[in-house]
Amino acid sequence: MRRSAIPLKRRTMPTDIPLVIENLSFRYRDREGAAIHGISFKARRGEILLIAGASGCGKTTLIRCINGLIPRSYKGEMEGRALVFGEETKTWPLSRISQKIGTVLQDPERQILGTKVLNEVAFGLENLGLPRAEIFERVDEALNFLKIHHINCQKIYRFQTILRIILTSVIFS
Ligand SMILES: Nc1ncnc2c1ncn2[C@@H]1O[C@H](COP(=O)(O)OP(=O)(O)OP(=O)(O)O)[C@@H](O)[C@H]1O
Ligand SMILES: [Mg+2]
């Protein structure tokens, strides 16, 4: 039997790839046609992938298949697979999904719950039940990375939309 020329160590295993979408289709149960049909792609570690298209083409539906809202909150027929590090997220409890996948909504106002920057960034980590010291450490790390540590004690409502979007993204870091 002929073996692959790629040394074992350098082969990319399916479990190393953060996101693999395989022939994914979904039809909402109250709709006749599929919202997304036969989508396949991979997102590798460190890649930033932009998915763009006309209103109604299925971007949000695709995200719902990845973050587990489909099939939990939106019912219908799903075909194909959404794999995160080689596993289908639809089999994961939400508590596990939330540690790997973050979703930034179109309207950041709907996603901000805290008053101060620090509290907001800490919120997700608190929900994971992490020790207090680790929460502070990770919040500091995220805010320093984004060079916004100096505003950690300020009230969120003072900031413009763009900063609120950045902030919502930090929550998932
Ligand atoms: N909850 C739902 N129930 C039934 N049909 C839905 C639901 N959400 C979306 N759809 C339908 O699925 C299709 C894809 O919609 P989706 O919201 O995924 O598109 P989108 O690309 O995110 O659009 P937009 O750019 O406007 O956000 C559309 O035909 C839409 O009407
Ligand atoms: Mg959308």
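Since we're looking at a predicted model, the values are computed, not measured.

Considering the pairing of strand β1 (residues 19–28)
Phase 1 of the analysis: Sheet topology places β1 next to strand β2 (residues 36–43); five bridges connect them, and they run antiparallel. In the sheet register, L19 faces β2, and the bridge partner there is A43.

So, the environment of R158
Phase 1 of the analysis: Examined against the element boundaries, R158 turns out to sit in the loop between α5 (132–145) and α6 (161–170).
Phase 2 of the analysis: Since 9 C-beta atoms lie within 10 Å of it, R158 is described here as exposed.
Phase 3 of the analysis: C-alpha of R158 to C-alpha of K116: the two residues are 42 residues apart in sequence and 9.9 Å apart in space.

Observations concerning the site of ligand 1
Phase 1 of the analysis: Contacts to ligand 1 come from 13 residues, most closely from Y28, A35, S55, T60 and T61.
Phase 2 of the analysis: With three residues, helix α1 (residues 59–67) is the largest single contributor of residues to the shell around ligand 1.
Phase 3 of the analysis: Grouping the constituent residues of the shell around ligand 1 by class yields four nonpolar, six polar and three charged.

Brief notes about helix α4 (residues 117–127)
Phase 1 of the analysis: What α4 keeps buried is the set V117, L118, E120, V121, A122 and L125.
Phase 2 of the analysis: Trailing α4 by a residue or two, G129 shows a phi angle of about 75 degrees, which is positive.

Description of the confidence of the model for the protein chain
Phase 1 of the analysis: Per-chain confidence: the protein chain averages 85 in pLDDT, with 86% of residues scoring 70 or above.
Phase 2 of the analysis: For the protein chain, α6 is the element with the lowest average pLDDT, namely 67, and β1 is the one with the highest, namely 97.

Concerning the environment of P108
Phase 1 of the analysis: When you line up the elements, P108 lands in the loop between α3 (94–100) and α4.
Phase 2 of the analysis: A count of 18 C-beta atoms within 10 Å places P108 in the partly exposed class.
Phase 3 of the analysis: Separated by 53 residues in sequence, P108 and T161 have C-alpha atoms that sit 7.4 Å apart.

A word on α5
Phase 1 of the analysis: Over its 14 residues, α5 runs 20 Å from end to end, which matches the ideal 20 Å to within 8%, given 1.5 Å per residue.
Phase 2 of the analysis: Taken residue by residue, α5 has V139, A142 and L143 as its buried positions. Seen end-on, α5 carries its buried residues on one side only, within an arc spanning 95 degrees. Seen from the open side of α5, the exposed residues pointing more than 90 degrees away from its buried face are A133, E134, E141, N144 and F145.
Phase 3 of the analysis: Of the residues flanking the end of α5, it is K147, one or two places downstream, whose phi is positive at about 55 degrees.

Conventions we followed
- Every chain is numbered on its own, with residues counted from 1 as its sequence reads.
- Think of it this way: whatever chain is written first is A, whatever ligand is written first is 1, and the rest follow in order.
- Reporting in this predicted model follows two pLDDT cut-offs: at least 70 for local features of residues, and 80 or more for side-chain atom pairs to be given and counted; totals over whole chains, interfaces and linings ignore these cut-offs and use all residues.
- In this analysis, strands are considered paired if DSSP registers two or more bridges between them.
- A helix here means a DSSP run of H or I that spans at least four residues, while a strand means a run of E at least two residues long, and both kinds are numbered starting from the N terminus.
- Counting other C-beta atoms within 10 Å of a residue's own tells you its class, since 20 or more makes it buried, 12 or fewer makes it exposed, and anything in between is partly exposed; those C-beta atoms are placed from the backbone.
- Being near a molecule or strand means, for a residue, that its C-beta atom, positioned from the backbone, comes within 6 Å of it.
- Under the scheme applied, nonpolar residues are Ala, Val, Leu, Ile, Met, Phe, Trp, Tyr, Cys and Pro; charged residues are Asp, Glu, Lys and Arg; polar residues are all the others, including Gly.
- Values of pLDDT, the confidence the predictor places in each residue, fall between 0 and 100.
- Helix span, expected: 1.5 Å multiplied by one less than the number of residues in the helix.
- Here the arc refers to the set of directions running from the helix axis out to each C-beta atom.

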